[in-house]
Amino acid sequence: MSSLCRNVLTVWRWRVTTVTVLPVARFHRSPLCSTTSEPGESLEIHKRQLFLWFSHLPQEEKQFGGYFSPETMHVDPLILERKTDEGAGLLSSPLQIQAPLRSSVTVEQLFQPADAGTVDRGLNVVLYGAVGTGKSTVVRKLVLDWCTGTTMTNFKLLIPFSCEDLGQLSKTASLRNLVTRKYLHLKDHPLLSGEGDKAKDVLFVFNGMEKMKLDFRIGATELCSDPNEALPPSVVVVNLLRKYLLPEANILVTTRLSALERIPQKYVSCYAQICGFKDADRQRAYFTSRLLQQCGDGAQKQAAQTLVEMLYCNLQRENQLAAACFLPSYCWLTCATLHFLHFTDTKAPIRTLTGIYTSFLRLNFGGEVLGSGTGRDLPIQEQQNSLMLYVVRTVGKLAFDGVTYKRTSFSEKELEQWIGGETKTDEELRQLAVFRTDVLDFFLAPCVVRGKRSPEPAGELNERCYVFAVPAMQEYLAALYVVLGENKSALEKLTKQVSVAIGQASEDVNVLMNILSKFIPLRIFAVFNLLKLIPKFFEKINRQNKSGIARTMAAELFRTEDSYNEDVLDQVEQSLLGVHGPQPQYSEDQPFELYPIFMGGLLHYGNRVLLQQLGCSIQSTTVAQITQALRKYLVRELSKPQPPEELMDLLVLLYEFQNPRLTADVLASIRSIRLNNIRMTPLKCFVLSSVLSCAPASYYLEELDLSSCLLTRDLLQILLPAFRHTRNLNLQFNSLGPESCVLLRDLLLDPQSSIMSLQLCDNALLESGVCVLLEALPENQTLTHLSLMHTGLGDQGALELALRLQQHGLQELNVAYNNIGDDAALALVDACREHPSIHTIHLYLNPLTDVGKKSLYIRGVPSSPSSSDRQVRVLASVTEGSDISVDWHPILSVIRENASSWDHQRVKQQLQVFLRDLEGGRKQQQSLWKRLHFRRVEKGVRQTLKMLEESSVPPSSGVSK
């Protein structure tokens, strides 16, 4: 990754005591800061310290679980050697290189002299590339390999410098003082004395040369050949590159494209352009090192391997993702996003999608400022403007326009209009030139469709279209543009300027008027108090603008017409892994459902701290105003029925916001969460549990519907905190097995749980699992409705259930479609009749005989009106003897709802049994009205049977009672 190690490179100014990584075993133990050690001992100390410093991983890497080391996660990017006579070819962007003109080289190969005549003079190698191509990572790996003796073994001493540090030094210092300042153990080292040709064994590394003000003009920088002479750091570096100071020393310089001209070509031995990952094999190696090393043996490793294969297949399609992954930075972002989506660890620190994108930009642009001078003949007067803020005001403005008008591609003319259309001064033009050369390709890339240029020009014929390298980046930058308040209206801009001007002048005017009023007591001076109304007027407009941001968030979040019938997390996953199988028919409008979620996530305090480091400040007052208005709009939208996908997006927004008070206020207006048919993942389960954990202990959902969500035991474990806030829990049509019943039993025994209805239909719980679940019945006091339909209960499970019923206050029991015979069914009905509260039991779709069904209905009715036995509704068939069952409609509705997932042959047999029962009962009826009623029910059964045979079973609303 290009700038992943920028924070590591700044560690050169840290103290050794801040590093906790242990040294490798091959280094001999010796005092770290001894200044009297022998040269050989000093080199060992130097290697050990460099290894410690460069082995330190940035904070952002901890989201991967700390499984990585610099040696295992590094993949060599493509490096192409450029001769100094290639001219304009030096400034080519990595995305414009269609194929390598020559084979890739290593940094070690660049320092092999081309002929014997250059042996007496060291080589100056310039490694250049755009943002995100991997310059800092290559330097980091180079230093680590030299420390372990695996590369650059012909150099006895390697001295890396951060040009950002050197550029901030205001005092003069000699070369040896600069080295001693960073590496005290190298004080008075003989290789840096300048005597003889000792310096030929030294390699200087200057990382980020664009951050120094180098001037090679003789009149501006004096000549110096003495390593002990004190000069400004930039002059020392210039003399090293001139080969006037330590001419035998070798130098590696890394810089961006825009700063190449700062070093005259006559002082450069060779150029090398770093082009990132130009082929899918390098990308696959990177993804494998990132996604597989965290997994041990077993199912998780198999899932990670499948993930890598799907990602690799998507990259081979030569789509837009493959073009973006030319940059190692975007490979890192892809891995971080997939790790977030698939390997969420509930014990790890909270991670959010907005936090990943914010960290990604901090890694690449943290501390970066936009310079102006690119040529050596121009005066260096760089303004310290935040590069990220410049990105927001240009590329972010373009992204916001695209989101507003549902566009993802832009023509070259539009880029010119949005990126550079408002530049006026020479300084702005210089900054624009630097930005276009170094940064623009990082965010925008030519549109790719199956490896070809987009056939749909955005403007004139054959005009190239540009898109954001990663689609979600457009939504993130648009959200950042809005939250930072850059989309001000003309009235707001004018009012702000007038407010500031009058606010400053009003103080002086008030002082003057107070003095004059003592001598001339005229009430007319009171009119000047009206000046104080201008700032208040501006503040009111500002509050209205923040309310508009909240209104936009709520409107975009619940926009159902562009949801593609999928929640936003699935859309993010599909953008990385592709769509396997039939391609969905998308609408013409591009969905931007991440846009409001990113706006909410940017208001989180942790993201605001990172943005502050990037020079983008979001004030706390702004957050408070947006939050206050957002609460009102979210509650208003939730008063309307929302589809499951929109509810899932709402949960993601609340999770990204990380504001417990706002979450609790919004949940207060929610009494039901229906997420049926949502493909639940560990992340989605964690999001649901995290959001509901913000509610007070007294808060309960009337219904939590998680049917057909592909839930497993592991996902159930994550969801347990959410279940404690639920009264009616629907878990039917999932992948729960006997081992899941242990968790469900513990849930029912939990004193904090208040579950009244538990639906477990179509889960293979089996007899063993149900017996474990029934262990909770004696102590549970809240459960009233239990559905065990089609769970593999069997006769033995039914008998076990009959024994335990007396110890619990159930009211309704559903054990339909469980292969229960006559004897077990009769025992269960007898137990329900003796039970004090059970009033209904479902037994249809079980292999019951006609005699058994009659016995069940007889058992369900008390023997005499004066009997103490209770009447129990037994739903075993659509008929009750010679009459139509009053519950025929619920029975048939359940069958129609579930028949698509059940054994078709088994259901057909049961429907045919229903038809025989109806036909026999109809023949026994003398009343014409009752016969017609039999005909109507029989017609509904035949329709269900026909639809089942055609495998097109609709929802249950098709049968009319």
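Look up: the structure comes first, before these words.
Residues numbered from 1 in each chain as written. Predicted model: local features only at pLDDT ≥ 70, side-chain atom pairs only at ≥ 80, totals over all residues. Heavy atoms only, no water.

A.B. asks: Explain the sheet that holds strand 18 (residues 785-787) to me, please; I cannot follow it from the model alone.
C.D. replies: For sheets, the rule is that strands pair by backbone hydrogen bonds, running either parallel or antiparallel. On the basis of which strands lie adjacent, the open sheet formed by 8 strands has the order 14-15-16-17-18-19-20-21 and parallel pairing. Among the strands making up the open sheet, the edge pair consists of strand 14 (672-674) and strand 21 (873-875). Going across the sheet, the axis of each strand differs from the next one's by a mean of 5 degrees, ignoring polarity. (Pairing = 2+ DSSP bridges. Helix = DSSP H or I, 4+ residues; strand = E, 2+ residues; numbered from the N terminus. Axes fitted to C-alpha atoms, helices over the stretch in contact; angles between N-to-C directions.)

A.B. asks: Before we go on, may I ask you to explain the packing of helix 24 (residues 644-657) against helix 26 (residues 682-692) in this structure?
C.D. replies: To characterise two packed helices, one gives the angle between the axes of the helices and the distance between these axes. Running from amino to carboxyl end, helix 24 crosses helix 26 at an angle of 65 degrees, the nearest separation of the two axes being 9 Å. The angle between the axes of helix 24 and helix 26 places the two elements in the roughly perpendicular class. In this structure, helix 24 crosses over helix 26, and the sense of that crossing is left-handed. Of helix 26, the residues touching helix 24 (which contributes Met648, Leu651, Val652, Leu654 and Tyr655) are Lys684, Phe686, Val687, Leu688, Ser690 and Val691. (Parallel < 35°, antiparallel > 145°, perpendicular 65-115°, else oblique. Left-handed = near helix turned anticlockwise from the far one by under 90°. Contact = heavy atoms within 4.5 Å.)

A.B. asks: Honestly, helix 8 (residues 280-291) in this entry has me stumped. Any pointers?
C.D. replies: Structural remark: α-helix, 3.6 residues per turn; residues separated by three or four positions point the same way. Relative to the 16 Å expected for 12 residues at 1.5 Å per residue, helix 8 spans 16 Å between its end C-alpha atoms, a close match to the ideal helical length. Residues of helix 8 that are buried include every one of Arg282, Gln283, Tyr286, Phe287, Ser289, Arg290 and Leu291, and no others. Buried-residue contacts for helix 8 involve helix 9 (299-316), helix 10 (320-324) and helix 11 (328-342). (Expected span 1.5 Å × (residues − 1). Buried < 20%, exposed > 50% of the residue type's maximum accessible area, 1.4 Å probe, protein only.)

A.B. asks: Looking at this structure, how should I read the pattern of salt bridges?
C.D. replies: Two side chains carrying opposite charge are able to pair once their charged atoms lie near each other. One pass over the full model with this rule turns up 26 salt bridges. Residues lysine 182 and aspartate 165 are paired through a salt bridge, measuring 3.4 Å at the closest nitrogen-oxygen approach. Here lysine 182, found in helix 6 (residues 175-182), pairs with aspartate 165, found in helix 5 (residues 163-168); they are 17 residues apart in sequence, far enough to count as distant. Arginine 679 is paired through a salt bridge with aspartate 570; the nearest N and O atoms lie 2.7 Å apart. With a gap of 109 residues between them, arginine 679 in the loop between strand 14 and helix 26 and aspartate 570 in helix 20 (residues 568-577) connect regions that are remote in the sequence. Taking relative accessible area as the criterion, arginine 679 reaches 30% and is therefore assigned partly exposed. By relative accessible area, which is 9% here, aspartate 570 ends up buried. What emerges from the salt-bridge pattern is a single network uniting Asp567, Asp570, Glu573, Arg679 and Lys684. (Salt bridge = Lys/Arg side-chain N within 4 Å of Asp/Glu carboxyl O.)

A.B. asks: Got a minute to help me understand unusual backbone geometry in this structure?
C.D. replies: Among all residues save glycine, negative phi is the norm, and among peptide bonds the norm is trans. The backbone phi angle of aspartate 188 is positive, close to 60 degrees, even though this residue is not glycine. Its place among the elements puts aspartate 188 in the loop between helix 6 and strand 4 (202-207). Phi is positive for histidine 790, close to 55 degrees, though the residue is something other than glycine. Mapping histidine 790 onto the fold places it in the loop between strand 18 and helix 30 (794-804). Exposure remark for histidine 790: the relative accessible area of 24% places this residue in the partly exposed category.

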